[in-house]
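Single-letter residue listing:
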Amino acid sequence: MTRAFDLKDDSVVVVIGSGAGGGTVANELAQRRIDVVCLEAGRRLSMADIVNDPPLMNERMGWHDERRGVGVNLCKTVGGTTMRWSAVSPRFHDYEFRARTTYGAIDGTSLIDWPITLEELEPYYDLAEAKMGVSGTHGLPPSAENSNFKVLKAGGQRIGYKDITSAHIAINSAPYDGRSRCRQIGFCNEGCAIGAKWSTLYTEIPKAEQTEHFELRTEATAVRINHDRTGKVTSVLYRTSEGQFHEQRARAVCVAGNVVETTRLLLMSESSRFPDGLANTSGQVGLHYTRHMANGSTGLMPGPVNMYKGARQAGFIRDEHLHDPKRGFAGGYLLELSGGPPDWVSQSAGWGEGAGRWMENYTNLAQIFLCGEDPPQETNRIYLHPTEKDEYGLQVPVLEYAHHPNTKAMLRHAAQQARALFSSLGATDVRDNSDQLGGGCHNMGVARMCADPQDGVTNRWGQTHDIENLFVSDGSLFSTSAAPNPTLTIVALAIRQAEHIAGRMVRREM
Amino acid sequence: MTDLDLGRRNFLRCCTALAMLGSIGAYSATGELSEQDKDALLRMARLLYPHQKLSDEVYETAFQISSTNIKDPSTIEAFERGAEMLDVAAQGNWFASDRDAQIDALKSIEKSEFFVTVQEAVRTQLYQDPVVWELIGYPGPSAPLGYIDRGFDDIDWLPED
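Let us look at the structure shown here. All values derive from a computational prediction rather than experimental measurement. (Residues numbered from 1 in each chain as written. Chains lettered and ligands numbered in written order. Predicted model: local features only at pLDDT ≥ 70, side-chain atom pairs only at ≥ 80, totals over all residues.)

Focus on the overall build of chain B
Quick note on the threshold: The helix count covers DSSP runs of H or I at least four residues long, the strand count covers runs of E at least two residues long, and both are numbered beginning at the N terminus. Working definition of burial: number of other C-beta atoms within 10 Å of the residue's own, with buried at 20 or more, exposed at 12 or fewer, and partly exposed in between, all C-beta atoms being placed from the backbone. Here, residues touch in the contact sense if the C-beta positions derived from the backbone fall within 7 Å of one another.
For chain B, the helix and strand inventory stands at 7 helices and 0 strands. Written out in order from the N terminus, the α and β elements of chain B read α-α-α-α-α-α-α. Taking all 161 residues of chain B together, 30% fall into the buried category. Intrachain contacts of chain B at a sequence separation of at least 6 include 76% that bridge at least 24 residues.

In structure tokens form, the structure reads like this:
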């Protein structure tokens with residue numbers, strides 16, 4: 001029962017993006033009987049379109065528009081990057097919400113504390129885990145331990161780790177919410193072919209459509225947010241796949257373009273009132289862009305592992321997820337299970353005789369993904385290229401990013417630990433992925449939440465400090481990156497934000 | 001999304017690899033890659049990821065250097081310049097050098113755009129090839145059955161402690 005709203009209907013909330021942030025905030029608003037128009041730049045795949053073919057799926061759902069600078073790995077499709085994510089869903093720790101207080105001043109960083117605490121977010125973490133069917137929570141069993149996980153666990157125990165779990169994965173460990181349990185297919189990042197992994201494509205979006213308060217417009221690329229003389233946003237201009245432009249009136253706007261497009265849209269929406277970009281009187285839009293300490297380590301084990309059999313990242317070790325300056329860096333990291341097809345693993349192979357031999361032993365390889373906190377720096381930023389335009393005539397985004405020495409120190413420590421873990425089980429040849437500067441899968445910052453409006457762009461609800469009816473609803477909100485994979489926290493913040501927006505609307509404050 | 005059939009997909013893959021190479025060259029004068037240059041590039045692909053049991057054809061496919069694939073003048077020019085670079089690095093005829101000298105020469109240019117581009121193209125194409133999968137024991141797609149009833153947790157060599 002999907003609704004169709006009039007372009008002139010100014011009672012709707014326009015949500016830009018349909019991924020973890022946008023899809024969630026849209027559904028949560030619709031469930032509260034608030035009318036929503038969701039604009040998604042990509043197409044809507046059917047389950048039949050989701051196949052075990054990584055290059056084909058990258059064509060179908062990857063974001064391929066021109067960008068400059070460091071690479072990112074995002075999706076342009078209904079469901080956004082929840083189609084590609086591995087579903088690792090750890091919560092942040094308390095200390096990570098107080099990064100500046102906990103770590104102190106670190107040269108070259110722009111650390112702040114979050115304007116919210118873990119205690120405030122905990123109820124929303126609960127709601128997010130229930131929504132997403134996170135394994136080991138809400139009565140769901142932990143995820144099944146595949147052979148690759150058993151290597152991680154056995155090696156972890158041998159080097160003294162205690163906190164090793166296959167829980168906290170947003171893939172159904174049992175039938176849940178009308179979706180099947182995981183069948184250990186192994187192509188999690190190509191969109192889950194049976195819908196066992198949480199993705200907004202087959203959870204939030206159809207649920208929202210059932211409310212009759214929601215309309216999804218696909219292949220609708222937002223290009224500008226307009227405001228009135230009082231400084232409130234009033235409409236969103238978007239381009240259709242046929243190249244036509246439409247303007248949807250709005251009561252409020254939520255932007256969830258996975259950091260890069262969120263930045264671009266705010267900056268492209270400059271006006272005489274906001275000459276440096278919408279909601280950018282602080283000059284902070286696009287700054288403090290973080291990506292995580294992220295790296296892979298792959299061990300050639302003494303027996304078969306067959307890492308392709310099963311969920312790719314169903315488990316992790318939490319012993320290093322703490323702040324312990326004795327290790328030589330601030331913040332912590334997780335050692336997560338990782339696996340994938342040969343072309344994925346070959347990234348770590350290097351080249352030459354050894355690389356060929358290593359790849360011929362593909363069935364004996366085990367892999368770890370290392371994911372840790374990356375402190376914000378003002379010099380890591382996203383901005384519009386001054387002259388270059390893409391094929392649609394829009395300014396090309398530029399991503400400037402370099403690791404802070406703290407991140408480099410953490411990378412070294414994490415690589416050593418992963419090597420020790422594999423070696424403890426008799427691995428003969430351990431290879432690190434050459435550091436891809438965080439890989440570009442986890443993107444955070446650029447419109448960060450902050451108590452002092454000079455430090456960022458948004459307040460504790462994700463509302464922009466400048467504009468009372470303009471919200472940011474994706475990972476752009478993160479005041480700091482913390483160590484965990486970002487999606488669970490994006491969803492928790494989006495649920496909390498929807499509750500806040502609905503409350504203000506009911507009280508006629510917006 | 002029925003318009004994305006297998007043919008188009010292969011076409012796109014091919015174009016991606018060629019475009020990557022084409023972007024680092026200017027226009028070729030001759031319009032055709034010489035047999036010597038092809039031999040040199042094929043040898044380079046084999047040295048990057050040596051697998052004795054694979055035929056030259058597999059590497060040619062990965063490298064996109066079979067004559068039917070190379071038409072783009074800028075790609076040919078990039079290949080020609082790369083082959084020249086190999087000779088310069090080998091201080092003579094790279095292809096005629098012994099294996100160790102060939103590897104040393106490759107090492108000396110491994111940071112160059114030519115090397116990195118070729119390595120990336122060969123690596124991704126090679127390890128996405130079902131012929132290579134068979135060699136290394138990877139069975140490819142598994143949906144919808146998956147491995148839940150087919151040994152996803154059957155590791156048997158881990159120590160008991």
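Some remarks on helix α10 (residues 405–423) of chain A
All names here are of chain A. What counts, and what does not: Given the number of residues in a helix, its expected span is that number minus one, multiplied by 1.5 Å. Each C-beta atom gives one direction from the helix axis, and the arc is the one those directions make.
The end-to-end C-alpha distance of α10, which contains 19 residues, comes to 27 Å, matching closely the 27 Å that a straight helix rising 1.5 Å per residue would cover. Of the residues making up α10, those classed as buried are N406, T407, M410, L411, A414, Q417, A418, L421 and F422. Along the long axis of α10, the arc covered by the buried residues comes to 140°, so they all point the same way. On the buried face of α10, the contacting elements are α5 (147–158), β10 (293–300), β12 (333–338), β13 (365–372) and β16 (429–432).

So, the pairing of β12(A)
Residue and element names in this part refer to chain A. Rules: Strands are treated as partners if at least two bridges between them are detected by DSSP.
Among the 6 residues of β12, 6 are classified as buried, and the element is accordingly described as predominantly covered. Bridge analysis of strand β11 (residues 316–317) against β12 gives 2 bridges, and the strand direction is antiparallel. The residue of β12 that forms the bridge with I317 is L335. Pairing between β12 and β13: 6 bridges, direction antiparallel. Its bridge partner being in β13, Y333 is matched across the sheet by G372.

What about unusual backbone geometry?
Note the cis peptide between A143(B) and P144(B), where omega equals 0°. Position of P144(B) relative to the elements: it lies in the segment after α7 (130–136). Look at A87(A): it is not a glycine, yet its phi comes out positive at around 75°. With respect to the helices and strands, the residue A87(A) is situated in the loop between β3 (68–69) and α3 (99–103). A residue is classified by how many C-beta atoms lie within 10 Å of it, and A87(A), with 30 of them, is buried. Although it is not a glycine, Q91(B) sits at a positive phi angle of roughly 50°.

Description of the interface of chain A and chain B
The line we're drawing: By the convention adopted, Pro, Cys, Tyr, Trp, Phe, Met, Ile, Leu, Val and Ala count as nonpolar, Lys, Arg, Asp and Glu as charged, and the other residues, Gly among them, as polar.
Between chain A and chain B, the contact holds 41 residues from the first and 36 residues from the second. Elements with a minimum of two residues in the side of chain A that touches chain B: α2 (54–61), α5, α8 (342–345) and α9 (353–360) of chain A. Of the residues forming the side of chain A that touches chain B, the biggest block, 5 residues, is contributed by α9(A). Considering only residue class, the side of chain A that touches chain B consists of 19 nonpolar, 11 polar and 11 charged.

Quick look at the environment of I467(A)
Residues and elements named next belong to chain A. On the secondary structure map, I467 appears in the loop between β16 and β17 (470–472). Residue I467 is classed as buried on the basis of its 21 C-beta neighbours within 10 Å. Considered as a pair, I467 and H93 are 374 residues apart in the sequence and their alpha carbons are 31 Å apart.

Notes on the nonpolar core
Test applied: By convention in this section, buried Ala, Val, Leu, Ile, Met, Phe, Trp, Tyr and Cys residues joined through C-beta atoms within 7 Å make up a nonpolar core.
Grouped together as the largest cluster of nonpolar side chains are 180 residues, with contacts concentrated most on V13(A), V14(A), V15(A), I16(A), V36(A), V253(A) and L370(A). The contact partners of V15(A), leaving out residues within four places of it in the chain, are G22(A), V25(A), A26(A), V36(A), C38(A), C254(A) and A256(A).

Some remarks on the packing of helix α4 (residues 118–132) of chain A against helix α11 (residues 487–506) of chain A
Residues and elements named next belong to chain A. Threshold: For helices, the axis comes from a line fit to the C-alpha atoms of the stretch in contact; other axes are also lines fit to C-alpha atoms, and the angle between any two N-to-C directions lies between 0 and 180 degrees. Here is the rule for angles: anything less than 35 degrees is roughly parallel, anything more than 145 is roughly antiparallel, 65 through 115 is roughly perpendicular, and the remaining ranges are oblique.
Interhelical geometry of α4 versus α11 gives an angle of 110° and a closest axis separation of 8 Å. The angle between the axes of α4 and α11 places the two elements in the roughly perpendicular class. Between α4, through L121, Y124, Y125, L127, A128, K131 and M132, and α11, the contact on the second element is made entirely by L488, V491, A492, I495 and R496. Residue composition of the contact of α4 with α11, by class: 10 nonpolar, no polar and 2 charged.

Details of the environment of K153(A)
Among the secondary structure elements, K153(A) is positioned in helix α5. In this structure the C-alpha to C-alpha distance between K153(A) and H500(A), which are 347 residues apart in sequence, comes to 41 Å.

Some remarks on the sheet that holds β3(A)
All names here are of chain A. Strand order across the open sheet formed by 3 strands is β3-β15-β14, with mixed pairing between neighbours. For this open sheet the edge positions go to β3 and β14 (381–389), each flanked by a neighbour on one side alone. Examined bridge by bridge, β14 and strand β15 (residues 395–400) share 5 bridges and lie antiparallel to one another. Among the inter-strand pairings, K389 is bridged to a residue of β15, identified as Q395. Strand contacts of helix α7 (residues 260–268): β14 and β15, with the helix running at about 60° to β14, the strand carrying the most contacts.

This is a description of form; function is not addressed.
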